[in-house]
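# Structural features, examined
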Amino acid sequence: MRNAETVLTVIRERGRRGLPLEDIYRQLFNPQLYLCAYARIYQNAGAMTRGTTSETADGMALAKIEKLIDDLRHERYRWMPARRTYIPKGQGKTRPLGIPTWSDKLLQEVIRSLLAAYYEPQFSDHSHGFRPARGCHSALSAIKHTWGGTKWFIEGDIKGCFDRLDHQVLLSILREKLHDHRFLRLIENLLKAGYLECWNYHRTLSGSPQGAIVSPILSNIYLDRLDRFVEQTLIPAYTRGTKRRDHPTYMKLINAKYYCLRQGRVKEARALEKQYQRLPSVDPIDPDYRRLRYLRYADDFLLGFAGTHAEAEEIKERLGEFLRDQLKLELSPEKTLITHATTEAARFLGYEIVCRHADSKHDQRGRRSINGGIGLRVPARVVEERCSLYMKEGKPRHRAERIKDDAFTTINRYQSEYRGVVQYYLLAENVYWFGRLHWVMQLSLLATLAAKYKSSVAKMYRKYAGRVETPDGPRKCLELQVKRDGKPALVARFGGIPLRQDKQAVLRDRIPSIWVERNELIKRLVADECEICGSEVNCEVHHVRKLADLQVEGRRAKPLWKQVMSARRRKTLVVCRACHTAIHQGKPTRQRAAA
């Protein structure tokens, strides 16, 4: 049996060369792929969340992999319906989420790794969503550095994209490259597995199951057709010319300026210079010059067009026709907009995108330096919404739900929330707007600590005030240090993040790599030995959600299994079935026999 790295490397090479993939179903019989899949997903937040059965990552064993492979080999594996729940999203709306069973998650991760290895080399460079080494920042950086001179933005949003993916269209796309009926039938059954909501079964007639591990790669395979249409049809049709022609009035004035300089008429030359610097140097309506640029992140896409508004409308219509006729999808009329790049701002990935224009900004040579360049900005509404989370009646307020937490945890929590939003918007030229958010959150944090210790905000500030060194110099912050014997002190800090634009900021999606080396947990599982009693029969993995769950108040002594996990600082423990049953029943586990 070939190891997982070899299998995925061969598949990736066939994808790079554009060769069809055959007999892929047999790769699902390789236990190494399941061990790699387990190593990638067991730490996910949802690994301990139940689907429609009680099965979770807890109790994972080699026997489960063997049974799953045996069911696949005899084609008797059946997908379970996902458990439907709802999670909040913007503007008070909710998003449906399907939670699969653990076995389905494991098999989906194996399928995802096979599909990603094959299709990833074939995906468009204009696609940035759910891809390794790519993300929101890579997409925004591409726009900033290559979209100069854009006159119109076409903001595209596909209406209910993931819920409306046509199953037959998706299968026909897969069938072009994947020549394996059993593998395609397995994916078809996954798409039609349905879901349970309030324990009522509902069929899924369209769409990719949201919450499923395999959904992102399937949606990218589906929407790659849109990428190819834009690249191979629209961009060639709406791109012409090598450069814009010179603006005739601008050239006339600049020639007159140099003539005046040769004649010694400096004042007239300066007046002419001021006059021509209020004009574009090239003809903005040159009929022989057009540029169309494109970028997609998941179901949102943006086009930048240098041309006329009528042509931008035509591009929008052609996109709508292609999506409707070829992919059975529709553009959202409310969110698909044509925006003037200089006077308005397009919204994409939470940023405002504009084409900058300022005749008063000059470089060292006296030339206008920013005209036509792309600017990324923080929307004012984002700052207001983030501040409102920590305010009440227009003033910063304490957070009652944090009063029971210790000061170290509270400061860390505030910092993680603040750091997350600031680091996402570091590409913005007005990231300093988050200075207001820092002020609001700092007062909210001090008010929370004051409520906890029945003190005042001023006293809390004097107690926790600190200073931290950053690449941009020292910054004030709130800081708490917990000293430890023989170890470096633990530090919780709020603030200390320079609010300066970072043009090289990189924030990538957390997409697992195609190959993961065997980690420590997999080696312990394969060793097949109980880490409590030493038994080598029916070993499986006991999981806890977090190490804090091991600290149960009110008990004088921890059970042996908790002592082992706490000492190792691991959320997993390989145990035999007897010990695992005893752990869940709250009974003493078996002891390791004396040598």
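Residues numbered from 1 in each chain as written. Predicted model: local features only at pLDDT ≥ 70, side-chain atom pairs only at ≥ 80, totals over all residues. Heavy atoms only, no water.

## Some details on the pattern of salt bridges
In the structure shown here, the tally under the stated rule is 35 salt bridges. A salt bridge links arginine 185 to glutamate 75, with the nearest nitrogen and oxygen atoms 3.0 Å apart. Separated by 110 residues along the polypeptide, arginine 185 in helix 8 (residues 181-191) and glutamate 75 in the loop between helix 3 (62-73) and strand 2 (82-88) bring together distant segments of the chain. For arginine 185, a relative accessible area of 37% puts it in the partly exposed group. On the basis of relative accessibility, which here comes to 36%, the residue glutamate 75 falls in the partly exposed class. The shortest N-O distance in the salt bridge between glutamate 429 and arginine 356 comes to 3.4 Å. Taken together, the residues glutamate 429 in the loop between helix 14 (407-424) and helix 15 (435-453) and arginine 356 in the loop between strand 12 (351-355) and strand 13 (374-377) connect sequence positions 73 residues apart. Glutamate 429 sits in the partly exposed class, given a relative accessible area of 24%. Here arginine 356 falls in the partly exposed class, since its relative accessible area comes to 26%. (Salt bridge = Lys/Arg side-chain N within 4 Å of Asp/Glu carboxyl O. Helix = DSSP H or I, 4+ residues; strand = E, 2+ residues; numbered from the N terminus. Buried < 20%, exposed > 50% of the residue type's maximum accessible area, 1.4 Å probe, protein only.)

## Details of the sheet that holds strand 13
Across the sheet, three strands lie side by side as 11-12-13; this open sheet has antiparallel pairing. The sheet is open, and its two edges are formed by strand 11 (346-348) and strand 13, each paired on a single side. Strand-to-strand twist of the sheet, defined as the mean angle between neighbouring strand axes without regard to direction, takes the value 35°. (Pairing = 2+ DSSP bridges. Axes fitted to C-alpha atoms, helices over the stretch in contact; angles between N-to-C directions.)

## Examining the packing of aromatic side chains
With the rule as written, the count across this model stands at 19 aromatic pairs. The interplanar angle of 80° and the centroid separation of 5.2 Å between the aromatic rings of tyrosine 250 and tyrosine 276 together place this pair among those described as edge-to-face. Here tyrosine 276 lies in helix 11 (residues 266-276) and tyrosine 250 lies in helix 10 (residues 248-262), a separation of 26 residues in the sequence. Given a relative accessible area of 13%, tyrosine 250 falls into the buried group. Ring plane angle 40° and centroid distance 4.9 Å describe the contact between tyrosine 351 and tyrosine 425, whose orientation is recorded as tilted. (Phe/Tyr/Trp six-rings, centres within 6.5 Å; stacked < 30°, edge-to-face > 60°.)

## Describing the packing of helix 10 against helix 11
One can describe the packing of helix 10 onto helix 11 by two numbers: an axis separation of 8 Å at closest approach and a directional angle of 165°. By the angle between their directions, the pair helix 10 and helix 11 is classed as roughly antiparallel. Helix-helix and strand crossings are classified by hand; for helix 10 and helix 11 the assignment is left-handed. Residues Tyr250, Leu253, Ile254, Ala256, Lys257, Cys260 and Leu261 of helix 10 form the contact with helix 11, whose own contacting residues are Glu268, Ala269, Leu272, Glu273, Gln275 and Tyr276. For the contact of helix 10 with helix 11, the residue count by class is nine nonpolar, one polar and three charged. (Parallel < 35°, antiparallel > 145°, perpendicular 65-115°, else oblique. Left-handed = near helix turned anticlockwise from the far one by under 90°. Contact = heavy atoms within 4.5 Å. Nonpolar A, V, L, I, M, F, W, Y, C, P; charged D, E, K, R; others polar.)

## As for helix 19 (residues 577-585)
Along helix 19, the residues that are buried comprise Cys579, His580, Ala582 and Ile583. The buried residues of helix 19 occupy one face: seen down the axis, they fall within an arc of 160°. Among the structural elements, strand 19 (539-543), helix 18 (560-568) and strand 20 (572-576) are those in contact with the buried residues of helix 19. In the stretch just after helix 19, glycine 586 is the one whose phi turns positive, near 75°. (Arc of directions from axis to C-beta.)

## Thoughts on the domain arrangement of the protein chain
Domain boundaries assigned for the protein chain yield domain 1 (4-122 + 171-205), domain 2 (125-166 + 216-245 + 282-377), domain 3 (394-494) and domain 4 (528-585). The centre of domain 3, based on its C-alpha atoms, is set 35 Å off from the matching centre of domain 4. (Domains from an automatic or database assignment.)

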